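Listed below, chain by chain, are the residues.
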Amino acid sequence: MTGAGDMNLGLESLKGFSGKVLQAVLGFVGTIIFARVLGPTDFGGYYFLLSMIFIADRPLRGFGKAVEKRYSEAGASKSEIFGATLLTSALIFVIAGFIVFGLHDILVQETNLEQAPVVFMAIFVALGIFFPVQKMLGAEGWVSKQTWNDTLRSVFTLPLQLWLVLAGFGAAGMGYGLAAATLLVIPVALHFLRVRPTIPSKATAVSLWTYARYSTVSALVGKAYDRFDVLLLGTLLTTGIVGNYEVAYKLTVPATFLTSVIGSGLTPKVSNRRSQGQKVSADVSNAISYSSLFSIPVLFGTLAIPEVLIRTTYGSEYSGAGVFLIGLALYQVIYSQTLMYQHTLSGLNLPEVRLRINAVTLGINLILGILLLLYIGAVGVVIATIIAEFFRYVMSMLSVNHRLESINILPQTLFEQTFAGILMFAIVEIGQWRVTVQSWIHLGFLVVLGGVAYIVALVMISPSFRFTVLSLYQDMIR
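What comes next is a walk through the structure. (Residues numbered from 1 in each chain as written. Predicted model: local features only at pLDDT ≥ 70, side-chain atom pairs only at ≥ 80, totals over all residues. Heavy atoms only, no water.)

It is worth spelling out the nonpolar core at this point. Core analysis: the largest hydrophobic core is formed by 112 residues, its most contacted members being Phe43, Tyr46, Leu49 and Ile123. Broken down by element, this core gets its largest block of residues, 14 residues, from helix 1 (residues 9–56). When residues no more than four places from it in sequence are discounted, the contact partners of Phe43 are Thr31, Phe34, Ala35, Leu38, Met174, Gly243, Glu246, Val247 and Tyr318. Residues Ala66, Val133, Ala139 and Ala189 belong to the second largest nonpolar core, which totals 17 residues. (Core = buried A, V, L, I, M, F, W, Y, C linked by side-chain atoms within 4.5 Å. Buried < 20%, exposed > 50% of the residue type's maximum accessible area, 1.4 Å probe, protein only. Helix = DSSP H or I, 4+ residues; strand = E, 2+ residues; numbered from the N terminus. Contact = heavy atoms within 4.5 Å.)

It is worth spelling out helix 19 (residues 440–461) at this point. The end-to-end C-alpha distance of helix 19, which contains 22 residues, comes to 31 Å, matching closely the 32 Å that a straight helix rising 1.5 Å per residue would cover. Among all positions of helix 19, only Leu443, Leu446, Gly450, Ala453, Tyr454, Ala457 and Leu458 are buried. Seen along its axis, helix 19 keeps its buried residues to an arc of 125°; they face one direction. Exposed residues on helix 19 whose side chains face more than 90 degrees from its buried face are Ile441, Val448 and Met460. (Expected span 1.5 Å × (residues − 1). Arc of directions from axis to C-beta.)

At a minimum axis separation of 8 Å, helix 11 (residues 257–275) and helix 15 (residues 322–347) run at an interaxial angle of 20°. Of the possible angle classes, the one that applies to helix 11 and helix 15 is roughly parallel. Considering the relative orientation of helix 11 and helix 15, their crossing is right-handed. Between helix 11 and helix 15, the residues in contact are Thr259, Ser260, Ile262, Gly263, Ser264, Leu266, Thr267, Val270 and Ser271 and Ser336, Leu339, Met340, His343, Thr344, Ser346 and Gly347, respectively. Across the contact of helix 11 with helix 15, the residue classes tally to five nonpolar, 11 polar and no charged. (Axes fitted to C-alpha atoms, helices over the stretch in contact; angles between N-to-C directions. Parallel < 35°, antiparallel > 145°, perpendicular 65-115°, else oblique. Left-handed = near helix turned anticlockwise from the far one by under 90°. Nonpolar A, V, L, I, M, F, W, Y, C, P; charged D, E, K, R; others polar.)

Our focus in this paragraph is unusual backbone geometry. The backbone of Arg194 shows a phi angle near 50°, a positive value even though the residue is not glycine. Along the chain, Arg194 falls in the loop between helix 7 (171–193) and helix 8 (202–226). The phi angle at Asn349 is positive, at roughly 65°, despite the residue not being glycine. Within the element layout of this structure, Asn349 appears in the loop between helix 15 and helix 16 (351–376).

For the rest of this paragraph, the subject is helix 12 (residues 281–290). Counting buried positions over the 10 residues of helix 12 gives eight, a clear majority of the element. Burial in helix 12 covers these residues: Ser281, Asp283, Val284, Ser285, Ala287, Ile288, Ser289 and Tyr290.

Counting through the fold element by element, Asn244 comes out in helix 10 (residues 239–252). Each residue touching Asn244, except ones within four places of it in the same chain, is listed here: Glu317, Tyr318, Gly320, Ala321 and Phe324.

What describes a pair of aromatic rings is the distance from one ring centre to the other and the angle between the planes of the rings. What the rule picks out here adds up to nine aromatic pairs. Arranged with centres 6.2 Å apart and planes meeting at 25°, the rings of Phe120 and Phe124 form a pair that is stacked. Taken together, the residues span about one helical turn, with Phe120 and Phe124 both in helix 5 (residues 116–139) at a distance of four residues. Phe124 carries the same exposure label as Phe120, and that label is buried. Between Phe169 and Tyr176, the ring centres sit 5.9 Å apart and the planes meet at 85°, which makes this aromatic pair edge-to-face. The class of Phe169 is partly exposed, set by a relative accessible area of 36%. Every member of this aromatic cluster is reached through a ring pair, and the members are Tyr341, Phe390, Phe391 and Tyr393. (Phe/Tyr/Trp six-rings, centres within 6.5 Å; stacked < 30°, edge-to-face > 60°.)

Attention now moves to the environment of Ile427. Counting through the fold element by element, Ile427 comes out in helix 18 (residues 412–434). Since its relative accessible area comes to 33%, Ile427 is described here as partly exposed. Note: C-alpha distance between Ile427 and Ile326 (101 residues apart in sequence) is 18 Å. For Ile427, the residues in contact, after removing those within four places along its chain, are Leu449 and Ala453.

For the structure on display, the rule yields six salt bridges. For the salt bridge of Arg61 with Asp57, the shortest nitrogen-to-oxygen distance reads 2.8 Å. On the basis of relative accessible area, Asp57 is assigned to the buried category, the value being 1%. Where Glu140 meets Lys78, a salt bridge forms, and the shortest distance between an N and an O atom there is 3.0 Å. A residue pair is termed long-range when its members are at least 10 positions apart, and Glu140 in the loop between helix 5 and helix 6 (143–169) and Lys78 in helix 3 (residues 78–102) qualify at 62 residues. With relative accessibility at 15%, the residue Glu140 sits in the buried group. Counted as one network, the salt bridges with shared partners bring together Asp57, Arg58 and Arg61. (Salt bridge = Lys/Arg side-chain N within 4 Å of Asp/Glu carboxyl O.)

On the surface, a nonpolar cluster with roughly 1100 Å² of combined accessible area is contributed by Leu366, Ile367, Ile370, Leu371, Leu374, Tyr375, Ile376, Ile383, Ile387, Phe390 and Phe391. Listing elements by their share of the nonpolar patch, those giving two or more residues are helix 16 and helix 17 (379–403). Counting residues per element, the nonpolar patch draws most heavily on helix 16, at seven residues. Within the fold, Ile370 resides in helix 16. (Patch = residues over 30% accessible without salt bridge, like charges linked within 9 Å, V, L, I, M, F, W, Y side chains within 5 Å. Areas by Shrake-Rupley, 256 points an atom, 1.4 Å probe, with all protein chains shown as cover.)

Let's shift gears to the packing of helix 14 (residues 306–314) against helix 15. Here helix 14 crosses helix 15 at 120°, and the two axes come no closer than 9 Å. With respect to their mutual orientation, helix 14 and helix 15 come out oblique. Judged by the sense of rotation from one axis to the other, the crossing of helix 14 with helix 15 is right-handed. Touching Pro306, Glu307, Leu309 and Ile310 of helix 14 are Gly322, Leu325 and Ile326, all from helix 15.

In structure tokens:
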């Protein structure tokens, strides 16, 4: 491979997907353990704090997107870009420290975590270094290395969190475990990159700034939108409801496995090819075709067994989470499509367009979220998010379609996947008539039954899917 533009996106996505599965398994196990050990209030308090962190670290993540874009371009000064990354991160850490410890009492009161400011800064610093370095891996076209390094972080995170929680740190132990695991894998990424930081030239700094001035604000707005539900529920209602929302959200995370891996490779691939004057429409269309491969069956699976899924996985204590589950699964289907267009805009060097779209989307979600919460309760927040995400999808799609020719916005594969999902739903419903879910074994049987039904149906009805699977297999054995 000579650059991100030459990567086999399908093969890299497949290799990265296996890492995502392991991440999900570890994260899922951890969620179940900690949700039961800590209870909804402390568990929700931790995720409320984490939502604050994920908004506060947006400047670093936005700058990381600028790093990814410039690092992936032909002829990039990689050592200078790395140097600029370290200098920018250090400055933001200092500013964040003064603000966070100045808000000590508010953080503790809102999250119910006595050590909230320390946990906040530990995670903030670790993620602030980790994220740009990960983006550099992706910019090289090493999407699978990028994903597997994140998977290694998950391997470290669960035992460290479990040890610290049981050692008496409570919910704060989850934060310390995440921070420690994140710091442990940064040297792994640097080993593959083999780049030494140097003082950035004015040209490099200006180049990064011209992109980062938009991508930073866009990342802040985008994350505020992504976690708006949690922030609104935690502020106006209780952390217990946040806990219910979070467990429902975790059950829909498998929907994004393939989406996130494809998206991670799409931005640098589009960026590198465009910087060399090559066409990218086919790459974008292929990404759109398979980005919802897992979000569609997750939606139909949750439609079939929503309450059983929540009750068996997390216990009757979280029975209130069922009201969020189906809505979040539908949101993930729309999001899986939107993300491909958003990554394409980044690769096309259009962060300002992405910023405008995310700002409008946040405004829609903010107004609808508050109104629907007041009128119909907590579920109104999810309904608002679904509506807002649909508008973001339409705006993102139109923006890309206007700039690239021959983009297939509704490929046949999407209809085939939907049909396979409907068949899966029917089979799982029939399975419920024969099997009463009373344990993990019964639930596992229905989940496996649904998964097998979906894949078999897709293989039978989709020539494109069969061709793609065969092509990937041949690429793997070469």
